[in-house]
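Below, each chain spelled out in residue letters.
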Amino acid sequence: MRAFVLLCLLHASFAQRRNGWDGPIQGPSDVELAPGSECAAGLDSCSCCLILRDVSKLRTKLDATLARLESESSLATRSLGRLEAGRAAFSVSLLKDGGFRCIGPFGGDEVVIYEHVFLNLGGHYNGSTGVFTVPQAGLYTFAVTLHSDAGAPRSPLAACTGLQVNGRVAAEAREQNADDQEDSATAVVLLQLNAGDAVAVKLLKGCFLCDKSHYNTFSAFLLY
Ligand SMILES: *[C@@H]1O[C@H](CO)[C@@H](O)[C@H](O)[C@H]1NC(C)=O
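Rules used throughout
Residues numbered from 1 in each chain as written. Predicted model: local features only at pLDDT ≥ 70, side-chain atom pairs only at ≥ 80, totals over all residues. Heavy atoms only, no water. Helix = DSSP H or I, 4+ residues; strand = E, 2+ residues; numbered from the N terminus. Buried < 20%, exposed > 50% of the residue type's maximum accessible area, 1.4 Å probe, protein only. Contact = heavy atoms within 4.5 Å. Areas by Shrake-Rupley, 256 points an atom, 1.4 Å probe, with all protein chains shown as cover. Expected span 1.5 Å × (residues − 1). Pairing = 2+ DSSP bridges. Axes fitted to C-alpha atoms, helices over the stretch in contact; angles between N-to-C directions. Patch = residues over 30% accessible without salt bridge, like charges linked within 9 Å, V, L, I, M, F, W, Y side chains within 5 Å. Salt bridge = Lys/Arg side-chain N within 4 Å of Asp/Glu carboxyl O. pLDDT = per-residue confidence, 0-100.

Going by what an unreviewed UniProt entry lists, the chain is known as C1q domain-containing protein and is assigned to Scophthalmus maximus.

Student: Break down the overall build of the chain for me, citing the residues and quoting the values.
Tutor: Across its full length, the chain holds three helices and 13 strands. Among the 224 residues that make up the chain, the fraction classed as buried is 37%. The contacts in the chain between residues at least 6 apart in sequence include a share of 72% that link residues at least 24 apart. Carbon together with sulfur atoms contributes 56% to the accessible area of the chain, which is approximately 12,800 Å² in total.

Student: Which residues make up helix α3 (residues 47-85), and what values go with them?
Tutor: Quick reminder: α-helices carry 3.6 residues per turn. Residues three or four places apart thus point the same way. Look at α3: 58 Å from first C-alpha to last across 39 residues, which is about the 57 Å you get at 1.5 Å a residue. Looking only at α3, the buried set comprises C48, C49, L52, V55 and R59.

Student: Tell me about the sheet that holds strand β7 (residues 138-149), and please be specific about residues and values.
Tutor: One open sheet accounts for five strands, arranged β4-β1-β13-β7-β10; its pairing is antiparallel. This sheet does not close on itself; its edge strands, each paired only once, are β4 (116-121) and β10 (182-193). For this sheet, the mean inter-axis angle between neighbouring strands, taken without regard to orientation, is 5°. Two strands pair when backbone bridges link them, and β7 and strand β13 (residues 217-222) are joined in this way by six bridges, in the antiparallel orientation. What sits directly across from T141, in β13, is F221.

Student: Describe a nonpolar patch on the surface, naming the residues involved and giving the relevant values.
Tutor: On the surface, L190, F221, L223 and Y224 cluster together to form a nonpolar patch covering roughly 450 Å² of accessible area. Position of F221 relative to the elements: it lies in strand β13. Using a relative accessible area of 39% as the deciding quantity, one classes F221 as partly exposed.

Student: Residue-level account of the confidence of the model for the chain, with values.
Tutor: Averaged over all residues, the pLDDT of the chain equals 83, while 80% of them reach at least 70. Of all secondary-structure elements in the chain, the lowest mean pLDDT belongs to helix α1 (residues 2-19), at 47, while strand β6 (residues 131-133) reaches the highest, 97. Every residue in residues 3-10 is under pLDDT 50, and counting partners more than four places away or in other chains gives 13 contacts. Across residues 24-32, confidence stays below pLDDT 50; counting only partners more than four residues off in sequence or on other chains, it has nine contacts.

Student: Describe in detail unusual backbone geometry, supporting the description with residues and values.
Tutor: Omega for the bond connecting G104 with P105 falls within 30 degrees of zero, at 0°, which places this linkage in the cis form. Structurally, the position occupied by P105 is in the loop between β2 (101-103) and β3 (110-111). The phi dihedral of R154 falls on the positive side, at around 65°, and the residue is not glycine. Here N166, not a glycine, exhibits a phi torsion of approximately 50°, which is positive. When you line up the elements, N166 lands in the loop between β8 (157-165) and β9 (168-177).

Student: Tell me what's going on with the pattern of salt bridges, and back it up with residues and numbers.
Tutor: Following the criterion strictly, the structure yields four salt bridges and no others. Linking R68 and E72 is a salt bridge whose minimum nitrogen-to-oxygen distance equals 3.7 Å. Of this pair, R68 and E72 both sit in helix α3, four residues apart, which is roughly one turn of the helix. Judged by its relative accessible area of 49%, R68 is partly exposed. Taking the shortest distance from any N to any O, the salt bridge between R101 and D97 comes out at 3.9 Å. On the accessibility criterion, R101 (31% relative accessible area) is partly exposed. On the accessibility criterion, D97 (41% relative accessible area) is partly exposed.

Here it is in structure tokens:
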């Protein structure tokens, strides 16, 4: 009897594979019931046919689970693709070359064009305009470090920049005094932004920045 039940199970397993689940189980697919066996004679009455029915139910459930898993997996793959397409991070500094140079002062606020690009993932920082265009809504981290050199001790130093979103000031970094010949300042800020927002650093009216080896930097990345 035991061998007989096993034979029925094998038959159920392999017979259903042909028109349903096509999973990783490998083996011959043409196991036949022994001619004249109880199962072959009366499929509805024998005890092994109850087992066949259970196996069939299990298989239906397995097929449904597999279909659900496949659909969830393709959803996850699509989300990952969107995340990769929307990634945004850049880090730039004022001067491309290593020489000492100052920019400003100007009669009004001017966008700072950071020439040297350390990193521009996604290409959302425009090196000719100095503007970062937000690729997707989210929380972004920005860091602006400025540096300037008054040229001589006790000469007036005026280093001031404003981080602007769509032309409006979000944060400023400022060093205006006559105490130091050189000074640095950093502003770090987290901003909730929308796709298409334009973010740039402006050199404020009357201020000037000096650089030699990446003293002035502007960086941002999408936090989430
Ligand atoms: C940078 O901005 C300029 C002026 O708007 C535009 O012509 C250029 O195509 C932009 N560059 C990139 C890489 O988007």
